Amino acid sequence: RLDVGTGASPFVNTILSPPPNAGPATPANDVMSMAADIALHHHERWDGTGYPTGARQSDIPIEARIVAVADVFEALCHARPYKPAFTVDRAVATIEEGAGTHFDPTAVAAFLRAVPAVLQVFRRFADAAPSAPTTHKPARPAADHTPTAA
């Protein structure tokens, strides 16, 4: 069985665990194990106040820490029924502000270095492009970040 951590429901344990006849570890099983870790832990927070298990810092799998940053950035940059899209600058500032509380500071630093590449991917897949302007300049102070007009 896959150890999905304390606090996971029996349902989650059942769904995320491979069947008993899954056999020895293979690359496919490794990918599924990583996917299960990401699915279970990407809502944990660096400071331990996340869910579902309240894991903190290095107790959160690194893959989930990375996906947490990407997931929040994507959600911030796109409009939702309950909120307008943030500008890229405001979304980046929000990620930066969460370093050390919401997010792993190392994952945030890596993300900040990758913002230009992330924006290229957004542009390449136009349906995934942020609905907010993409004017991010890494040296720009957080005070200059403004929301998009609703």
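Residues numbered from 1 in each chain as written. Predicted model: local features only at pLDDT ≥ 70, side-chain atom pairs only at ≥ 80, totals over all residues. Heavy atoms only, no water.

(A) Fine view of the packing of helix H3 (residues 62-77) against helix H4 (residues 88-98). Running from amino to carboxyl end, H3 crosses H4 at an angle of 145 degrees, the nearest separation of the two axes being 9 Å. The way H3 lies across H4 gives a crossing that is right-handed. Across the interface between the two elements, Val69, Val72, Phe73, Leu76 and Cys77 from H3 touch Val88, Ala91, Val92, Thr94 and Ile95 from H4. A per-class count over the contact of H3 with H4 returns nine nonpolar, one polar and no charged. (Axes fitted to C-alpha atoms, helices over the stretch in contact; angles between N-to-C directions. Helix = DSSP H or I, 4+ residues; strand = E, 2+ residues; numbered from the N terminus. Left-handed = near helix turned anticlockwise from the far one by under 90°. Contact = heavy atoms within 4.5 Å. Nonpolar A, V, L, I, M, F, W, Y, C, P; charged D, E, K, R; others polar.)

(B) Main features of the pattern of salt bridges. Enumeration over the complete set of coordinates arrives at three salt bridges. We note a salt bridge from Asp47 to Arg45, for which the minimum N-O separation is 3.6 Å. Asp104 is the partner of Arg65 in a salt bridge, and the nearest nitrogen-oxygen pair spans 2.8 Å. Of this pair, Arg65 sits in helix H3 while Asp104 sits in the loop between H4 and helix H5 (105-124); the two residues are 39 residues apart in sequence, bridging distant segments of the chain. Each of the two residues, Arg65 as well as Asp104, counts as buried. (Salt bridge = Lys/Arg side-chain N within 4 Å of Asp/Glu carboxyl O. Buried < 20%, exposed > 50% of the residue type's maximum accessible area, 1.4 Å probe, protein only.)

(C) Highlighting the environment of Ala91. Counting through the fold element by element, Ala91 comes out in helix H4. Residues Ala91 and Ala75 lie 16 residues apart in sequence; the distance between their C-alpha atoms is 9.0 Å. Residues in contact with Ala91, not counting those within four places in the same chain, are Phe73, Leu76, Cys77 and Phe86.

(D) Structural view of H5. Taking 1.5 Å of rise per residue, 20 residues should cover 28 Å, and H5 covers 28 Å from first to last C-alpha, within 8% of that figure. Residue Ala114 marks the point of greatest curvature in H5, where the axis turns by about 60 degrees; the proline Pro116 follows within four residues. Of all the positions in H5, only Ala107, Val108, Phe111, Val115, Leu119 and Phe122 are classed as buried. On its buried face, H5 is in contact with H3 and H4. The backbone nitrogen of Thr106 lies 2.8 Å from a side-chain oxygen of the residue at the head of H5, namely Asp104. (Expected span 1.5 Å × (residues − 1). Bend = angle between axes of the 7 residues up to and from the residue. Polar contact = N/O pair within 3.5 Å; in protein donor to acceptor, adjacent residues only side chain to side chain.)

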